[in-house]
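# Close look at the chain arrangement
Letter by letter, the chains look like this.
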Amino acid sequence: MNHLNKLSRRSFLATSFAAMGTVAAPLIIPGYVLGKDGAVSPSNQITLGGIGINHRGGYVLGYFLNEPDVRLLAISDVRRDRREAVKQMGDSKYETTDTDMYRDFREMLERSDIDAVLIATGDRWHAIASIYASQAGKDVYSEKPCALTMDLCRSLAETMNRNKTVFQGGTQRRNVENCRFACELARSGKLGKIHTVHASIYSLCYRTDWYAAEELPDRDEIDWDLWLGPAPWRPYNKRYILGDWRAHYDFDSGARLLDWGAHTVDLCQFALGKDGTTPVRFWSEGKRVFATYADGVQLVMRPDNWLGLGTCPVRFEGTEGWVEVGDSGNIVVSPDSLRPSINKIIRKDADNRLSVGECPRNHVRNFLDCVKTRDLPACNQIVIRSSHVTCHAAALSWMLQRELEFDPERELFLNDDQANRMRKRALREPWTV
């Protein structure tokens, strides 16, 4: 495969200066290399590979492609139709036919001209693919939940720290203005002492049955073994491929608590200044799961009784007031004296409609900027580890239907062997970390 025209920003300068040292004739450098006429020079361009890009992944990829300093080089997917669809996105964007396709993401990771990867597979793959990408020297933007188990949360964070990988989890609401406003309001003391934070979740459920076996498709059409990856083997059924894998225990993270909880618990942790730690006690009552931190603040995870401010709402309550936000971009606060500050951060479009709160534009940009500066993004591995461990512990409390005491330092349950065993799952060979 010819990659001569696809130098990454990491290798461009070294290659260029090496050439200058061996060429006697005057060196003529094209204008695009120098960033003229609005072009981004290769030395400042971030080259991107995609892994498992479909509905949500395609949405996020669109924001990457809109950034002038990003160049999509390749897509890897176990489904041929998805590979071809994303290739079409890249080829159409750049008016070329150069976007390369891979069935096995490991082959794509071998390329030295790719700086970063966008991972948007199913839950079972997020941590493993992120770890493999980090080991290959790539920076990582991974959709949530970033790890299928508490144990993989630890492995993910340790790998990113060891390899100095720039990692951004796809819990983008930390970079959405109305959500940031609510968190900063809680941290400012204007609500008084925060005593309760509320995180929206789906109604919890999980299942362990299998769908009936169907005829296995050609490997080039759908690589079923690679689709399963680290998950236990089971017979092929098209329903899994079409997205009906959610709530199946082998494929899904924590009884679906992390579907929304990865976002909303993360915001609660941010509002409380609890990044790097977790609650110490978890229990459930009906549809709700509760937790308390060591300082007595209570976290309530619930699917109902919200104000109708859009998906993924959160609410922070203090001794002097409260605030609630959601994906509509709107904000509700009490007392009324806090209302004037809202107008400073609400954005509206040309039709005077509120901006959509969950737009990942700023989150993508935050990641790209950190790839260049090597700073920690908003939802880095430290943030993700503590918020996801919190979600997993809450889910296990609900699944086991009992109160669990937890040690945040060791990330262990106290005096509950069954809960501790469920902190990890066996990984099917050869997918080890």
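One can find the structure itself at the top, above this paragraph.
Residues numbered from 1 in each chain as written. Predicted model: local features only at pLDDT ≥ 70, side-chain atom pairs only at ≥ 80, totals over all residues. Heavy atoms only, no water.

What the protein contains, in helices and strands, is 13 helices and 15 strands. Residues counted as buried form 56% of the 433 residues belonging to the protein. Within the protein, counting contacts between residues at least 6 apart in sequence, those at least 24 apart form 69% of the total. When the accessible surface of the protein is totalled, it reaches about 19000 Å², and 49% of it is carbon and sulfur. (Helix = DSSP H or I, 4+ residues; strand = E, 2+ residues; numbered from the N terminus. Buried < 20%, exposed > 50% of the residue type's maximum accessible area, 1.4 Å probe, protein only. Contact = heavy atoms within 4.5 Å. Areas by Shrake-Rupley, 256 points an atom, 1.4 Å probe, with all protein chains shown as cover.)

The geometry of helix α10 (residues 257–272) relative to helix α12 (residues 381–400) is characterised by a closest axis approach of 9 Å and an angle of 125 degrees between their N-to-C directions. Taken together, α10 and α12 sit at an angle that is classed as oblique. In this structure, α10 meets α12 at a crossing whose hand is right-handed. Between α10, through Leu-257, Leu-258, Gly-261, Ala-262, Val-265, Asp-266 and Gln-269, and α12, the contact on the second element is made entirely by Val-383, Ser-386, Ser-387, His-388, Thr-390, Cys-391, His-392, Ala-394 and Ala-395. For the contact of α10 with α12, a count of residues per class yields eight nonpolar, seven polar and one charged. (Axes fitted to C-alpha atoms, helices over the stretch in contact; angles between N-to-C directions. Parallel < 35°, antiparallel > 145°, perpendicular 65-115°, else oblique. Left-handed = near helix turned anticlockwise from the far one by under 90°. Nonpolar A, V, L, I, M, F, W, Y, C, P; charged D, E, K, R; others polar.)

Looking now at the pattern of salt bridges. This structure, assessed with the given rule, holds 38 salt bridges. One salt bridge connects Asp-275 with Arg-174, and the closest N-O pair in it is separated by 2.7 Å. Within this pair, whereas Asp-275 is found in the loop between α10 and β8 (281–285), its partner Arg-174 is found in the loop between β6 (167–169) and α7 (177–188), the two being separated by 101 residues in sequence. Linking Arg-339 and Asp-336 is a salt bridge whose minimum nitrogen-to-oxygen distance equals 2.8 Å. With relative accessibility at 53%, the residue Asp-336 sits in the exposed group. Connected via shared salt-bridge partners are Glu-67, Asp-69, Arg-365, Asp-369 and Lys-372. (Salt bridge = Lys/Arg side-chain N within 4 Å of Asp/Glu carboxyl O.)

Under the definition given, this model contains one cavity of 30 Å³ or more. Grouping the constituent residues of the lining of the largest cavity by class yields five nonpolar, three polar and one charged. (1 Å grid on protein atoms, 1.4 Å probe; cavity = no way out; pocket = protein on both sides within 12 Å on 5 of 7 lines; lining within 4 Å. Points joined across faces, edges and corners; volume = space filled by probe spheres on them.)

According to the stated counting rule, one finds 22 aromatic pairs in the structure shown. On the numbers, 6.4 Å between centres and 80 degrees between planes, the contact of Tyr-206 with Trp-398 is edge-to-face. Here Trp-398 lies in helix α12 and Tyr-206 lies in the loop between β7 (194–200) and α8 (224–228), a separation of 192 residues in the sequence. Residue Tyr-206 is classed as partly exposed on the basis of its relative accessible area, which comes to 37%. (Phe/Tyr/Trp six-rings, centres within 6.5 Å; stacked < 30°, edge-to-face > 60°.)

Moving on to the sheet that holds strand β3 (residues 100–102). Taken together, six strands build an open sheet; the order of strands is β3-β2-β1-β4-β5-β6 and the sheet is parallel. Edge positions in the open sheet fall to β3 and β6, since each of these has one partner strand only. Neighbouring strand axes in the sheet, compared pairwise and without regard to direction, differ in orientation by 20 degrees on average. In this structure, strand β5 (residues 139–142) lies alongside β6, joined through three bridges in parallel fashion. The partner of Tyr-141 across the bridge, within β6, is Gln-168. Contacting β1 (46–51), β2 (70–76), β4 (116–119), β5 and β6, helix α11 (residues 361–373) runs over the sheet at an angle of about 170 degrees to β5. (Pairing = 2+ DSSP bridges.)

The terminal C-alpha atoms of α7, which comprises twelve residues, lie 16 Å apart, in line with the 16 Å expected from a rise of 1.5 Å per residue. Burial in α7 covers these residues: Asn-178, Cys-179, Phe-181, Ala-182, Cys-183, Leu-185 and Ala-186. Considering only its buried residues, α7 is in contact with β7, α10, β11 (314–318), β12 (322–325) and β13 (331–334). After α7 finishes, the residue Gly-189 shows a positive phi value of roughly 90 degrees. (Expected span 1.5 Å × (residues − 1).)

This brings us to the sheet that holds β7. Read across the sheet, nine strands follow the order β13-β12-β11-β7-β10-β9-β8-β14-β15 without closing on themselves; strand pairing throughout is mixed. Of all the strands in the sheet, the pair left with one neighbour each is β13 and β15 (412–413). In terms of strand pairing, strand β9 (residues 288–292) meets strand β10 (residues 298–302) through four bridges, oriented antiparallel. Bridge pairing links Ala-291 to Leu-299 in β10. Packing against the sheet, α12 makes contact with β8, β9, β10, β14 (404–407) and β15, and its axis sits at approximately 45 degrees to β8.

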